[in-house]
2 protein chains.
Amino acid sequence: MKKKSVAARISTLLLLSLVVSLSLGAQNDPLPAWNDGKAKQAIVNFVHATTDRSSPNYVPPEKRFAVFDQDGTIWVEHPMYTQMLFAFDRVRELAAQHPEWKTTEPFQSVLARNQAAMEKFTSKDFEAIFTATHTGMTTQAFEAMCDDWLATATDPRWHRPYTELVYEPMLETMQYLRANGYKTYIVTGGGQDFVREYSQRVYGIAPQEVVGSAVQTEYTYDKDGQGILLRTPKVLLDNNFAGKAEDIYLFLGRHPQAAFGNSTGDRQMLEYTQAGGGAPLMMLVLHDDAEREYAYGPAAGLPATRIGEFTEALYDEAKSRGWIVISIKNDWKRIFVWEK
Amino acid sequence: MKKKSVAARISTLLLLSLVVSLSLGAQNDPLPAWNDGKAKQAIVNFVHATTDRSSPNYVPPEKRFAVFDQDGTIWVEHPMYTQMLFAFDRVRELAAQHPEWKTTEPFQSVLARNQAAMEKFTSKDFEAIFTATHTGMTTQAFEAMCDDWLATATDPRWHRPYTELVYEPMLETMQYLRANGYKTYIVTGGGQDFVREYSQRVYGIAPQEVVGSAVQTEYTYDKDGQGILLRTPKVLLDNNFAGKAEDIYLFLGRHPQAAFGNSTGDRQMLEYTQAGGGAPLMMLVLHDDAEREYAYGPAAGLPATRIGEFTEALYDEAKSRGWIVISIKNDWKRIFVWEK
């Protein structure tokens, strides 16, 4: 092999360092799925303000906590919460053991796949469905049911497992925060035990970092004298609205520094985060992209479709308290990982 | 300066490496405050069995959790739980605002420092004292009260702050487990919010890693419209007995691999840990050293003094289930850090 001249060696080195700089340059944008704008800038500014030791709002690593609502904030919630679809499928599976369901609401409508009726379900209807499908078994049996369903169920629009309908920009935000010493928690109105089954592989969030609605379990023994936990129908934590602020304190014992939500159900969580002082970050995802995802709710100029909704009142509160609204249409370059 | 010969340099290097080996040798005993014996060996064996990749009972790092009861397991609980002493002091401070307490039980006995009466307090009496001293204020006001008391109160026997009455062998055990990828949690019958005020500095355990009894908080607003949490008298988590197993699942979503307790209140926690399978470690601290600490409870051949007690039945269960009993007298070389 021909020996290279010193000049050639130097050019090679320069070229190499250029390649390295370029790739570092790309890595320097921690949020590539975001378009430049107020929302993306707010996240970057927040990280600088709270992790730069010379900042007046510096937060020591052990106090860095960021909380994320799940449905509609870090994954798709429309047209129905994913866990609700799991519950409906469970009703269909259990129907053979409950012949009376064929003529009893709300089960009758679920079995008949009566979409119009299901959209009008009251909270009492949902309670009946959750009690029938989410309680009365051991915690381990319930976890196995969740795993089985998650492994096979697919969304009818994108034909993918529900666990792939997660928002790339929010995954990037979580990763960016974790890379800067933040602990990321999910604080969901959904069932804590359902979300814990996939939180690590889907979001990089460990089960103990998931705070959600929870039923009271009851400690008892199996036939071999081993301790087991039964899921009772008693609601222990209703992790919505004020419950989110109360349960954040129950699990963390402190105010988070950042909170991400998308509905009135997240209002108190964002308020409580802000009340901790410093330079906190409060963000709300607005679903205004009917083409790439969905558009719904009053803040998108569309009718309300459920209780936890991005209402006009929430929009007003966001403005008056300085919360940042994320427009999916304008702020997100890519929505899903698989769009890359 | 005289230039060293090659031989001198080599001797220096050899000496240095000897010093390094010796100090590494000392570090190789992760539990120097323990006497050699079955208890110490069980901890070391457990760590090897669950962290050595070639072991049949290897546990991946994300599933390594160890839970510790607090009172009587990692710090002194005799003759009274520390948090009870805090509550009694709060009664005395609040007495001026409650002239009726001078003639109302259980407050009357607390104010009169009637030790005999206090030792006979029922759970209803304790509930009245906790409601009067631990509820009705914001979470922040309560935390400040805890901090003030912890900074000034001292134990009458050793004349030290209560937060120094922690067991060196158990601190070593926690550190050893953490050094091997374990997350260490406190699972206490005491108040979660009280313990969280000092858990980091005393045990190296972060507030979010403390699971304890907890009252329901209520989200509301201060006069400036900032979100605050009020402590209501409603008990949300009674983290004793079966509550410990239930709350471990609530917070962690899984079985721990190791559990340390000292009373019937820890029984279900140890059982639940064992039910997770693998090569779990369950240990109970027996207070049998009247000279260096205290001796109490039926397992020490002494009368029962309170509800959560090391009873004969617990001793039998420990034997039948293969739990390890730690004798303070025989297994602990040093009890307190300041004895060094």
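Anything mentioned here points back to the structure above.
**Notes on the relation of the copies chain A and chain B**
Take chain A, turn it by 180°, move it 0.0 Å along the axis, and it overlays chain B with an RMSD of 0.0 Å. Such values leave the two copies arranged in the relation of a two-fold axis.

**Here we look at the nonpolar core**
Residues Val 67, Leu 237 and Leu 250 of chain A together with Val 67, Leu 237 and Leu 250 of chain B are the most contacted members of the largest nonpolar core, which totals 56 residues. In this view, Val 67 of chain B contacts Tyr 185, Val 187, Ile 248, Leu 252, Pro 256, Ala 258, Ala 259, Phe 260, Met 269 and Thr 273 of chain B; residues no more than four positions away in its chain are not counted.

**Digging into the pattern of salt bridges**
All told, the structure shown has 32 salt bridges over all chains when counted by the stated rule. The structure contains a network of salt bridges with shared partners spanning Arg 267, Glu 271, Glu 317 and Arg 321 of chain A.

**As for the packing of helix 3 (residues 82-94) of chain A against helix 7 (residues 139-152) of chain A**
All names here are of chain A. Orientation of helix 3 relative to helix 7, taken along the N-to-C sense of each, is 105°, at an axis distance of 11 Å. Put simply, helix 3 runs roughly perpendicular to helix 7. Facing Thr 82, Leu 85, Phe 86, Asp 89 and Arg 90 of helix 3, the residues of helix 7 in contact are Phe 142, Met 145, Cys 146 and Trp 149. In terms of residue class, the contact of helix 3 with helix 7 is built from six nonpolar, one polar and two charged.

**Examining the sheet that holds strand 1 (residues 65-68) of chain A**
All names here are of chain A. Taken together, the seven strands give an open sheet; going across it, the order is 4-3-2-1-5-6-7, and neighbouring strands pair in mixed fashion. In this open sheet, the two strands that pair with only one neighbour each are strand 4 (227-237) and strand 7 (324-327). Each adjacent strand pair in this sheet contributes to an overall mean axis angle of 35°, direction not counted. Note that strand 5 (residues 258-261) and strand 6 (residues 281-286) share four bridges and pair parallel. Directly across from Gly 261, in strand 6, lies its bridge partner Leu 284.

**Focus on the interface of chain A and chain B**
Taken together, the contacts link 40 residues of chain A with 40 residues of chain B. Of all residues in chain A, Gln 208, Tyr 219 and Tyr 249 of chain A bury the most surface against chain B, accounting for 21% of the area lost on that side. Counting across the chain A and chain B interface gives 24 residue pairs in polar contact (both at pLDDT 80 or more). Only helix 7, strand 2 (183-191), helix 9 (192-196), strand 3 (210-221), strand 4, helix 11 (242-252) and helix 12 (267-275) of chain A provide two or more residues apiece to the side of chain A that touches chain B. It is helix 11 of chain A that provides the largest number of residues to the side of chain A that touches chain B, a total of seven residues. Residue composition of the side of chain A that touches chain B, by class: 17 nonpolar, 13 polar and ten charged.

Rules behind the numbers
- Residues numbered from 1 in each chain as written.
- Chains lettered and ligands numbered in written order.
- Predicted model: local features only at pLDDT ≥ 70, side-chain atom pairs only at ≥ 80, totals over all residues.
- Heavy atoms only, no water.
- Least-squares fit on C-alpha atoms with pLDDT ≥ 70 in both.
- Core = buried A, V, L, I, M, F, W, Y, C linked by side-chain atoms within 4.5 Å.
- Buried < 20%, exposed > 50% of the residue type's maximum accessible area, 1.4 Å probe, protein only.
- Contact = heavy atoms within 4.5 Å.
- Salt bridge = Lys/Arg side-chain N within 4 Å of Asp/Glu carboxyl O.
- Axes fitted to C-alpha atoms, helices over the stretch in contact; angles between N-to-C directions.
- Helix = DSSP H or I, 4+ residues; strand = E, 2+ residues; numbered from the N terminus.
- Parallel < 35°, antiparallel > 145°, perpendicular 65-115°, else oblique.
- Nonpolar A, V, L, I, M, F, W, Y, C, P; charged D, E, K, R; others polar.
- Pairing = 2+ DSSP bridges.
- Buried area = accessible area lost by both parts, 1.4 Å probe.
- Polar contact = N/O pair within 3.5 Å; in protein donor to acceptor, adjacent residues only side chain to side chain.

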